[in-house]
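Chain and residue survey
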Number of protein chains: 2
Amino acid sequence: MDTRHMRFFMALAETLHFGRAAERMNMSQPPFSRQIAMIERTLGVKLFERNSRNVALTPAGKHFMEDCRNVLGQFEDACRDVRLVASGMKGELRFGFMMHAAHSVVPELVQLYAKARPDVRLVLDERTPTEIDEMLVAGTLDAAVTFDCGYAPHLQTVLLARERLRIIMREDHPLATVGQIYPEKLREEKVIAAPAATAPALRSAINSYFSAKGIVPHVVLEPRLQHTIIQLVAKGLGVALIPVSLCTGMGTGLISRTLTDAPQLDVVLRAPMTTKNPAVSAFMEIGKSIQRTSL
Amino acid sequence: MDTRHMRFFMALAETLHFGRAAERMNMSQPPFSRQIAMIERTLGVKLFERNSRNVALTPAGKHFMEDCRNVLGQFEDACRDVRLVASGMKGELRFGFMMHAAHSVVPELVQLYAKARPDVRLVLDERTPTEIDEMLVAGTLDAAVTFDCGYAPHLQTVLLARERLRIIMREDHPLATVGQIYPEKLREEKVIAAPAATAPALRSAINSYFSAKGIVPHVVLEPRLQHTIIQLVAKGLGVALIPVSLCTGMGTGLISRTLTDAPQLDVVLRAPMTTKNPAVSAFMEIGKSIQRTSL
DNA sequence: TCCATCTGATACCCTGAAAGCATTGATCGT
DNA sequence: ACGATCAATGCTTTCAGGGTATCAGATGGA
């Protein structure tokens, strides 16, 4: 038994006429009759009640007809869908992003892609930049939004946005009255920043910002999660330098201020250069279109 | 493409080794390789990433694997189920019965059959005896419980029960005080009975009962439904002769009395002699087993 | 009642899809 | 560098399955 036999069966079940069913199958009646006989023999079931004048379905045949319709439908769907997956119109895309981008480019990117490729299941995975890099090379992620850390041999990169850092602090902090803050003001401040092992590009930008002025920042806490940093600032444990897009909606009690010569970081969309997932290319293209609008 | 190709694909997708997959398909490796290549060519989709050392699924292949598993499963199920339907273990059985039997043999018959053949969908259809006879010959019903009306050329018959008729009346009826009633007492009574066109066997039994004593019953109302007869008796419009099994649970206000030399009717299970539905035979067998216990 | 006609089953032949065997070519570990 | 492993390719052979011709049973009209 095979789907070809099921199609033979369906042709006869629908026409109830060997000649016309054979014609529909683009063959002559004798081999068609043989095929029907073969189907009944291999199944061991009489599917048609027939004489030289009439053809009718048996109850078993009627039941089989429903099942065949389903099987053939699913079969066609499977063959169609595999093409769609290969073309990137369908499938799955595991997309990683860092919290620092969650409020800026990620929502737009996800929304545009979901609209362009509604049959691709987007698996979102919020990670730290270092985790993202590891998962991209390991192939656990298909694409990710992260800070540009420069060296990336096997990765293709699309620049999405260039974000300046701002400083955040409690609104009762002594510096809260100052409009714009320059590094020298922060010489004595307690700074909260993600560790270099977690967000190398961000931490190195912060470090460079201070060291350019000959200052060694007083980093008192190094939480791995951006979320935690903001919470610690809110508790008055120090100040922090975070991307401008994260400064809105931090909750009450916190304010942000502009930094003189504020460090800026490139937010990029990355994917393995030799990705196997055909859904990625359209994702990168949408990244490029976002880049045009946001830069 | 065909299910055979899907099985080839699945063998390779599961083993990721051409030699072992070919072995599983009971063939040598070269033709197997060719089949895989053919599948990819006809689908126009690369399903495996392979070199002379490693075989791996592409994303499209991974997706196709899931679909193939479903399709092949449904395919096997369809082939298995058609055999079950042909053997009468699965399918549908349209079962008609008259209200006069709804309280006696029908519940037991249905219950026993549903237990013996849980995968056969029993379509119950309550009808008048005449409708049942018509539907049996027309093939609209597979089997039915009705009164034995004697002549039934193309039908097979199983005697299920022999029911005596009792007389029912309002409890405030003058005859209510009498313990056992003989026909002469009913000479002047208004009788309610189903018309001969609706329930020939029942009506003829009632008529014979009276005419044997030279009485012409005074039939004032001829409702087609048993339900209606009982309601009319309850309203005091007359008395009625009904099977003993219907005398329980008529509702308050009604009583039943034994009739002297009460007429008796055969309740039979019937099916077309040359039925196509394989589910019928077990149904008739269960009918026979009920017969043994109830007679 | 007989014949024309329709329809499914059978007989026979032939083609080509697909299997087997032998071999090649590429890759990896020693 | 060499052998082992494994997928791909070339060549031959076979049989599943298609085509044509024909038979056989049923139906309906003359």
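Residues numbered from 1 in each chain as written. Chains lettered and ligands numbered in written order. Predicted model: local features only at pLDDT ≥ 70, side-chain atom pairs only at ≥ 80, totals over all residues. Heavy atoms only, no water.

1. Notes on the pairing of strand S4 (residues 119–126) of chain B
Residue and element names in this part refer to chain B. Two strands pair when backbone bridges link them, and strand S3 (residues 90–97) and S4 are joined in this way by eight bridges, in the parallel orientation. Its bridge partner being in S4, Phe 95 is matched across the sheet by Leu 124. Note on the crossover from S3 through helix H5 (residues 105–116) to S4: the handedness is right-handed. (Pairing = 2+ DSSP bridges. Helix = DSSP H or I, 4+ residues; strand = E, 2+ residues; numbered from the N terminus. Right-handed = clockwise from strand over helix to strand, strands pointing away.)

2. So, helix H8 (residues 226–234) of chain B
Residues and elements named next belong to chain B. Residues Gln 226, Ile 229, Ile 230, Leu 232 and Val 233 constitute the buried set of H8. The arc that holds every buried residue of H8, seen down its axis, measures 160°, which confines them to one face. Elements in contact with the buried residues of H8: strand S6 (155–170), strand S8 (190–192), helix H7 (200–211), strand S9 (218–221), strand S10 (240–243) and strand S11 (254–259). (Buried < 20%, exposed > 50% of the residue type's maximum accessible area, 1.4 Å probe, protein only. Arc of directions from axis to C-beta. Contact = heavy atoms within 4.5 Å.)

3. Examining helix H4 (residues 59–86) of chain B
Compared with the 40 Å implied by 1.5 Å per residue over 28 residues, the 41 Å span of H4 of chain B between its first and last C-alpha is a close match. Following H4 of chain B by one or two positions, Gly 88 of chain B adopts a phi angle in the positive range, close to 85°. (Expected span 1.5 Å × (residues − 1).)

4. Section: the pattern of salt bridges
Residue and element names in this part refer to chain A. In total, this model carries 32 salt bridges over all chains according to the counting rule given. For Arg 121, the salt bridge identified is with Glu 92, shortest N-O distance 2.5 Å. With a gap of 29 residues between them, Arg 121 in strand S4 (residues 119–126) and Glu 92 in strand S3 (residues 90–97) connect regions that are remote in the sequence. According to the relative accessible area criterion, Arg 121 is exposed, its value standing at 53%. Residues participating in the shared-partner salt-bridge network are Asp 125, Arg 127, Glu 131 and Arg 224. (Salt bridge = Lys/Arg side-chain N within 4 Å of Asp/Glu carboxyl O.)

5. Observations regarding the relation of the copies chain B and chain A
Take chain B, turn it by 180°, move it 0.0 Å along the axis, and it overlays chain A with an RMSD of 0.2 Å. Here the copies are linked by what is in effect a two-fold axis. The fraction of interface residues of chain B whose copies in chain A are also interface residues reaches 100%, indicating that both copies meet through the same surface. (Least-squares fit on C-alpha atoms with pLDDT ≥ 70 in both.)

6. Here's the deal with the protein's contact with DNA strand C
Around DNA strand C sit 23 residues, and of these Gln 29, Arg 50 and Arg 53 of chain A together with Ser 28 and Arg 34 of chain B come closest. Here the atoms of DNA strand C within 4 Å of the protein split so that 68% fall in sugar or phosphate, with bases taking the remainder. Within the side chain of His 17 of chain A, one N or O atom sits 3.3 Å away from a phosphate oxygen of DNA strand C. Residue Phe 18 of chain A places a main-chain N or O atom 3.3 Å away from a phosphate oxygen belonging to DNA strand C. Elements represented by at least two residues in the surface near DNA strand C include exactly helix H2 (18–24) and helix H3 (29–43) of chain A together with helix H3 (29–43) of chain B. When residues of the surface near DNA strand C are assigned to their parent elements, the largest contribution, five residues, is made by H3 of chain B. (Near = heavy atom within 4 Å. Polar contact = N/O pair within 3.5 Å; in protein donor to acceptor, adjacent residues only side chain to side chain.)

7. Details of the side chain of His 5 of chain A
Residue and element names in this part refer to chain A. Note on placement: His 5 falls in helix H1 (residues 3–15). A polar atom in the side chain of His 5 sits 3.3 Å from the side chain of Gln 35. With residues up to four places along the chain from it excluded, the contact list for His 5 reads Gln 35 and Ile 39.

8. Re the UniProt feature "domain: HTH lysR-type" (unreviewed entry) in chain A
The feature "domain: HTH lysR-type" (unreviewed entry), as given by UniProt, occupies residues 1–58 of chain A in the numbering adopted here. Taken end to end, residues 1–58 of chain A is 60% helix and 10% strand, and its two terminal C-alpha atoms sit 19 Å from one another. (UniProt positions renumbered as here; feature names shortened; annotations may be inferred.)

9. Let's talk about unusual backbone geometry
Here the phi dihedral of Asp 261 of chain A falls at roughly 50°; this positive angle occurs in a residue that is not glycine. Mapping Asp 261 of chain A onto the fold places it in the loop between strand S11 (254–259) and strand S12 (264–272).

10. A few points about the interface of chain B and chain A
In this complex, chain B contributes 31 residues to the contact, which on the side of chain A involves 31 residues. For the chain B and chain A pair, buried surface summed over both sides reaches about 2,600 Å², with 74% attributable to carbon and sulfur atoms. Among the residues chain B hides against chain A, the three largest losses belong to Asp 2, Phe 75 and Val 82 of chain B. Together they make up 19% of the total. Our count for the contact surface shared by chain B and chain A stands at zero salt bridges. Remark: the boundary between chain B and chain A carries six residue pairs in polar contact (both at pLDDT 80 or more). Going through the elements one at a time, helix H1 (3–15), H3 and H4 of chain B are the ones with two or more residues in the side of chain B that touches chain A. A total of 16 residues in the side of chain B that touches chain A trace back to one element, the largest contributor, which is H4 of chain B. Of the residues that constitute the side of chain B that touches chain A, the class distribution is 16 nonpolar, six polar and nine charged. (Buried area = accessible area lost by both parts, 1.4 Å probe. Nonpolar A, V, L, I, M, F, W, Y, C, P; charged D, E, K, R; others polar.)

11. As for the protein's contact with DNA strand D
Lining the immediate environment of DNA strand D, one finds 23 residues, of which Arg 4 and Ser 28 of chain A together with Gln 29, Pro 30 and Arg 50 of chain B sit closest. Looking at DNA strand D alone, sugar and phosphate atoms form 60% of those within 4 Å of the protein. One of the backbone nitrogen or oxygen atoms of Ser 28 of chain A is found 2.8 Å away from a phosphate oxygen of DNA strand D. Within the side chain of Ser 52 of chain A, one N or O atom sits 3.0 Å away from a sugar or linking oxygen of DNA strand D. The leading source of residues in the surface near DNA strand D is H3 of chain A, at five residues.

12. Description of the nonpolar core
With 72 residues, the main nonpolar core has Phe 95, Val 145 and Leu 269 of chain B as its most contacted residues. Mapped onto the domain boundaries, this core takes at least three residues apiece from domain 2 (90–160 + 266–294) and domain 3 (163–264) of chain B. Within the second largest apolar cluster, 71 residues are counted, among which are Val 158, Ala 199, Leu 241 and Leu 269 of chain A. (Core = buried A, V, L, I, M, F, W, Y, C linked by side-chain atoms within 4.5 Å. Domains from an automatic or database assignment.)

13. Digging into a nonpolar patch on the surface
Taken together, the side chains of Val 220, Leu 221 and Leu 237 of chain A make up a nonpolar region of the molecular surface, amounting to roughly 200 Å² of accessible area. By the element assignment, Leu 221 of chain A lies in strand S9 (residues 218–221). (Patch = residues over 30% accessible without salt bridge, like charges linked within 9 Å, V, L, I, M, F, W, Y side chains within 5 Å. Areas by Shrake-Rupley, 256 points an atom, 1.4 Å probe, with all protein chains shown as cover.)

14. With respect to the environment of Gln 29 of chain A
Within the element layout of this structure, Gln 29 of chain A appears in helix H3. Relative accessible area serves as the criterion here: at 37%, Gln 29 of chain A is assigned to the partly exposed category.

15. A look at the packing of H1 of chain B against H3 of chain B
Residues and elements named next belong to chain B. Following both chains from N to C, one finds H1 and H3 inclined at 110°, their axes separated by 10 Å at the closest point. Classified by the angle their axes make, H1 and H3 are roughly perpendicular. Contacts from Arg 4, His 5, Phe 8, Phe 9 and Leu 12 in H1 reach Phe 32, Gln 35, Ile 36 and Ile 39 in H3. Taken together, the residues that form the contact of H1 with H3 break down as six nonpolar, two polar and one charged. (Axes fitted to C-alpha atoms, helices over the stretch in contact; angles between N-to-C directions. Parallel < 35°, antiparallel > 145°, perpendicular 65-115°, else oblique.)

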